[in-house]
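Listed here are the chains, written in short residue letters.
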Amino acid sequence: MDGADELALPPDDELPFDPDAVTIEDGDVFDLLEPAVREWWLEAFGEYVPENDGFFTPPQEGAIPKIDAGTNTLVCAPTGSGKTMASFTAIINELFRRSRERDDGLENSVYCLYVSPLKSLANDIHRNLEVPLEGIESIAEERAASPAAERSSGETARNGEGVGEIRHAIRHGDTDSSERQKMLEETPHILNTTPETLAILLNSPKFREKLRTVEYVIVDEIHSLAAGKRGTHLSVSLERLEAMAEDELTRIGCSATIEPLSEVAEFLVGRDKPGGEPRPYEIVDARFAREFDIELESPTDDLIHTPREVVQDRFYERLHERVQDHTNTLVFTNTRSGAERVLHNLRERFDAYDEANSACHHGSLSKEVRQDVEGRLKAGDLEVVTSSTSLELGIDMPHVDLVVQVGSPKSVAALLQRVGRAGHRVGQTVTGRVIALDRDELLECAVMLEKAEEGFVDSVSIPEDAQDVAAQHVYGMAIAEIRPESEVTAILRRAYPYRNYAEEEWESLCRYLTAEYAGLEEKNVYAKIWRDENDPPDGEHHHEEFSVGEPLIGKRGRLARVIYMTNIGTIPDSFTCDVRTRASDEWVGQLDENYLDTVEKGDVFVLGGERFEYRYRRGSKVYVDRTSARPTVPSWYSERLPLSYDLGREILAFQRRLLEHYEAGGPSRVRGWLRGFPLDDNSVRAIARLFDQQIRYAGDESVSTDERLAIEVERDREEYERRYYVHSTYGRKVNDGLSRLLAYRCAQEATANVTVAVADNGFALSMPLNRKIDLEGIFADLDPEDVREDLRAALEGTDLLQRYFRINATRALMILKRYKGYEKSASEQQVSSEMLLGLAQDLETFAVIEETYREILEDKLNVAEIEGIVDAIDSGELAVERQLLDSPTPRAFGLATLSASDVVLAEDESAALQAFHERVLEEIGEESLRRLSSEG
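A brief report on the enclosed structure follows.

Some points on helix α27 (residues 787–795)
All of the buried residues along α27 are V787, D790, L791, A794 and L795. Down the axis, α27 shows its buried residues gathered within 145° of arc, on one side only. Tucked into the core, α27 has its buried residues touching α25 (732–750), α28 (799–811), α30 (847–860) and α31 (863–875). G797 sits one or two positions beyond α27 and adopts a positive phi of about 80°.

Below is the structure:
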């Protein structure tokens, strides 16, 4: 064993491995650990040395020395590779060293904060901490009692070898008051918490003093926080903690696969001063440290003509075989209803599954049910568990050896996160199978798996300058203590999301928080802070500790602390809307509020087997008309994750390469090329057939690429509609925004109601047949500099604007969820916001309405990417080509059949899909290969 003489190892007969049979590459890292920590590590993980060529996994080998040196570190590695353990090990090691050196042990204060996005994740880490801490303490006590044993391992005995206790505890919204009080008296050295609870602790007069000693902060699953306002909120909390802590914080971020790493690292560490450089950091990039065995499968090579029941039978037979061949299988679907349906079908079709060995896990189930499933999954008692997104993060699943993803997970990052739940032991290969039951998703998944093999990762987008989050923190800082305005703005601007926070935005925020606007108090929106230059000694706002004339900020209102503590947070409440007919006020069902994000006046949806046309909403009631028109918004729309923009661009580039192979050698050449991808033969043949039929029917110019945007126009004389199918494979967020922009322009040009249907691979615009528009001309006339303003105009009066205004007004504490013991429901919040929206829109640069537009445009509709597309069209880099056709092309089938139920697991075959396909085959058979006539 290389370097064995230099390592402080126990005798060979006490080692859990043969030191002569392995090469140890990371002895220098091992030597950083205290003797008791080293011994515990060997007992716990020594068996894995052969797989690692050392004592540690790649993220552990890279991270432990950096954290030990006090370096800010982002550790990016797959699930199950030990990145969180690396963070804790270095910190536990340092705390044990200190406790040994101090006669009375560690101070009664917090040294390390562990922040996780999920309460369940915090609970899991809490349990996992007990094992190493108890094990190391036990070993340390044994070593203290037997100095000779320590000297036998090459160490010199020291006085005071005994070790004091390292306490740890969990604190979140469910922690009861007695436990919270106990933490004040006997404070945990390591505190596990959530972003929301950390913000509360920073404003807790007694406990915040316990945080001044914090030296380490671990942010786990940072990839799930950075892209949303919870992460924005946390970033400011960390700067507030940094400002009050006695020593500079060492920040550790643990992330699954994410990109760009440098931006996420800067998000973690913040700035050293406003306008300054990021604090120093290092990145441990071990994203591809594990071996992946991932393949795409299809039950048939013909997903159009094979009867739906046959596809379903083959799917469940294959899934059953996979489950039986593995110890524990985790099945991800794209909707909660899909997860329920898969489990139901497995139990109905096969005697092998019952409540004892199979289960379902998703966010709609009770906390008790989820915790029971998690416990049995960890113990290895469940052969198969179905889930939507709720098991992507968190709990350790040591027995899961296969992950099956049904349908597209919509991004490479999500794919690797989900599949990474398998092989949750060092040295195990990660085994995953993606099963696609729809041709569009088959193509999507093929590109996704190819890019995953290449090491491609979708980029994360971090919200910037969120005024609602800023309002909460400025209020919180004013409540905590009177302080200079410059200090408040400096803390904000040191947080990465506010590094470019402009003075105009700050002034707008202060005008809201001080209630300068006329009419606010009449609507029960009161000032939350005062803002004043420090008065002379006889003034109202004179404070001796500050210079006269220095601008100060303080709280307003006697109930300020209670209001703040009971209303902060960024996760919006949602509610279920009652659906009623306008004609008779008949109750016909319920819709989740999230579904209404994509429904506009005139849209048609299916509820309880009937079709309804959406008219308007009032508070928590939705009013509709019965209709025979075909649906424009599918029932699963609000549940599925959107396709990432980056992966959409890769699909377009893939289609360009496929066309090149087709031109060079036809379908056989395409099949040969595709066999280099991680696809089964059914998938290869199905994708090759899709494009062969597409090109023979409408030519290669009907296929969008990264250099061409294809549009097809269909005249449906039976339903008297003209439909424009835009093949913009940029993901649902971009397509939602781009379609709103075009519909806004089309409605002006055609003076007709324009109906929109949006999907990940494009969108459809529909209008009466006697109306037509020059869509190419509209695209050509778009100016990238006008996109934001036009899209903002298109949002006026929409339910989307109303809903997001409510969410932002509640986040900004303009609407209080809890006040004087009364809790206002989400539907009541909506009623309040509808009364406030008109006033807010009339106020000049009002922070809350401006934030509402910013969030919708930037975070929800990806306006920057839309501007880039329009700019590419404007510059000629992206050509727009239109074709007139009597029936949709194969690549438009998905857009044309958006009325189908959950396509991934649909029980009914789509008659419309078959009809479209028969028309295509009929045209090809008659050798009418292309219809390129222009519209008259």
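What about helix α23 (residues 645–674)?
Between the first and last C-alpha of α23 there are merely 23 Å, a value that for 30 residues lags more than 12% behind the 44 Å anticipated at 1.5 Å per step. Along α23, the helix axis deviates most sharply at G665, where the bend reaches about 130°; the proline P667 sits within four residues downstream.

Quick word on the sheet that holds strand β24 (residues 755–759)
Adjacent strands of a sheet pair through backbone hydrogen bonds, lying either parallel or antiparallel. Strand order in the open sheet formed by five strands is β24-β25-β23-β22-β28, and the pairing between neighbours is mixed. Across the chains shown, the open sheet's two edge strands, defined by having one partner strand only, are β24 and β28 (879–885). Each neighbouring strand pair of the sheet contributes to a mean axis angle of 20°, computed without reference to strand direction. Note: strand β22 (residues 708–716) against β28, seven bridges, orientation parallel. Among the inter-strand pairings, R708 is bridged to a residue of β28, identified as A879.

Topic: the packing of aromatic side chains
Scanning the entire structure with this criterion turns up 15 aromatic pairs. Ring plane angle 85° and centroid distance 6.3 Å describe the contact between F350 and Y353, whose orientation is recorded as edge-to-face. Positioned above the aromatic ring of Y853, the side-chain terminus of R792 is 3.8 Å from the ring centre.

Regarding a nonpolar patch on the surface
A cluster of nonpolar side chains, L559, V562 and Y819, forms an exposed patch at the surface whose accessible area comes to about 260 Å². In this structure, V562 sits in helix α22 (residues 560–567).

With respect to a negative patch on the surface
A cluster of acidic residues, D783, E785, D786, E789, D871, D874 and E877, forms a negative patch at the surface. With respect to the element layout, D871 can be found in helix α31.

Some thoughts on the pattern of salt bridges
With the rule as written, the count across this model stands at 67 salt bridges. Salt-bridge contacts for K66 lead to E282; the nearest nitrogen and oxygen are separated by 3.7 Å. Here K66, found in helix α4 (residues 58–68), pairs with E282, found in strand β7 (residues 282–285); they are 216 residues apart in sequence, far enough to count as distant. Note on K66: relative accessible area 22%, which makes it partly exposed.

Observations regarding the side chain of D458
On the secondary structure map, D458 appears in the loop between α18 (439–454) and α19 (467–480). Although buried, D458 forms no salt bridge, and the nearest oppositely charged side chain, R287, lies 9.5 Å from it. A polar contact is formed between the side chain of D458 and the backbone nitrogen of A413, at a distance of 2.9 Å. In terms of polar contacts, D458 uses its side chain to reach the side chain of S644, at 2.6 Å.

Focus on the packing of helix α12 (residues 229–244) against helix α20 (residues 485–494)
At a minimum axis distance of 8 Å, the contact between α12 and α20 shows a crossing angle of 125°. Judged by the inter-axis angle, α12 sits oblique to α20. Every pair of crossing elements has a handedness; the one defined by α12 and α20 is right-handed. Taken together, the residues of α20 that come into contact with α12 (itself represented by V236, E239, R240 and A243) are I491, L492 and R494. Of the residues contributing to the contact of α12 with α20, the split by class is four nonpolar, no polar and three charged.

Some words on the pairing of β24
A large share of β24 lies buried, amounting to five of its five residues. Of the two faces of β24, the one carrying T755, A757 and A759 and the one carrying V756 and V758 are both buried. Note: β24 against strand β25 (residues 762–768), five bridges, orientation antiparallel. The partner of V758 across the bridge, within β25, is F763. In sequence, β24 turns back onto β25 through a hairpin of two residues.

Here's the deal with the nonpolar core
In terms of nonpolar packing, the biggest core is built from 95 residues, with Y512, L765, L775, F779, M814 and F846 touching the most fellow members. F846 has contacts with S508, Y512, Y517, L520, M814 and A840, leaving out every residue within four places of it along the chain. Listed in part, the 67 residues of the second largest apolar core include V412, A446, F456 and L643.

Digging into the environment of L268
Assignment of secondary structure puts L268 in helix α13 (residues 261–269). Separated by 10 residues in the primary sequence, L268 and P278 place their C-alpha atoms 9.6 Å from one another. Ignoring anything within four residues of it in the chain, the contact list for L268 reads T73, L74, V219, I222, L238, R251, I252 and G253.

Quick notes on the sheet that holds strand β16 (residues 551–555)
Spatially, three strands are ordered β14-β16-β15 in an open sheet, and the strand pairing comes out antiparallel. Looking at the sheet topology across the chains shown, the edges are occupied by β14 (483–484) and β15 (529–533). In this sheet, β16 lies alongside β14 in antiparallel orientation, the contact comprising two bridges. Counterpart to P484 in the pairing with β16 is L552.

Focus on unusual backbone geometry
The omega torsion across E259 and P260 is -5°, close enough to zero to call that bond cis. The topology assignment puts P260 in the loop between β6 (250–255) and α13. Notably, N524 is not glycine yet its phi reads approximately 65°, a positive angle. Structurally, N524 is set in the loop between α21 (503–513) and β15. Given the relative accessible area of 55%, N524 is considered exposed.

Rules used in this analysis
- Residues numbered from 1 in each chain as written.
- Predicted model: local features only at pLDDT ≥ 70, side-chain atom pairs only at ≥ 80, totals over all residues.
- Heavy atoms only, no water.
- Buried < 20%, exposed > 50% of the residue type's maximum accessible area, 1.4 Å probe, protein only.
- Helix = DSSP H or I, 4+ residues; strand = E, 2+ residues; numbered from the N terminus.
- Arc of directions from axis to C-beta.
- Contact = heavy atoms within 4.5 Å.
- Expected span 1.5 Å × (residues − 1).
- Bend = angle between axes of the 7 residues up to and from the residue.
- Pairing = 2+ DSSP bridges.
- Axes fitted to C-alpha atoms, helices over the stretch in contact; angles between N-to-C directions.
- Phe/Tyr/Trp six-rings, centres within 6.5 Å; stacked < 30°, edge-to-face > 60°.
- Lys NZ or Arg CZ within 6 Å of the ring centre and 35° of its normal.
- Patch = residues over 30% accessible without salt bridge, like charges linked within 9 Å, V, L, I, M, F, W, Y side chains within 5 Å.
- Areas by Shrake-Rupley, 256 points an atom, 1.4 Å probe, with all protein chains shown as cover.
- Salt bridge = Lys/Arg side-chain N within 4 Å of Asp/Glu carboxyl O.
- Lys, Arg positive; Asp, Glu negative; His and termini not counted.
- Charge placed at Lys NZ, Arg CZ, Asp CG, Glu CD.
- Polar contact = N/O pair within 3.5 Å; in protein donor to acceptor, adjacent residues only side chain to side chain.
- Parallel < 35°, antiparallel > 145°, perpendicular 65-115°, else oblique.
- Left-handed = near helix turned anticlockwise from the far one by under 90°.
- Nonpolar A, V, L, I, M, F, W, Y, C, P; charged D, E, K, R; others polar.
- Core = buried A, V, L, I, M, F, W, Y, C linked by side-chain atoms within 4.5 Å.

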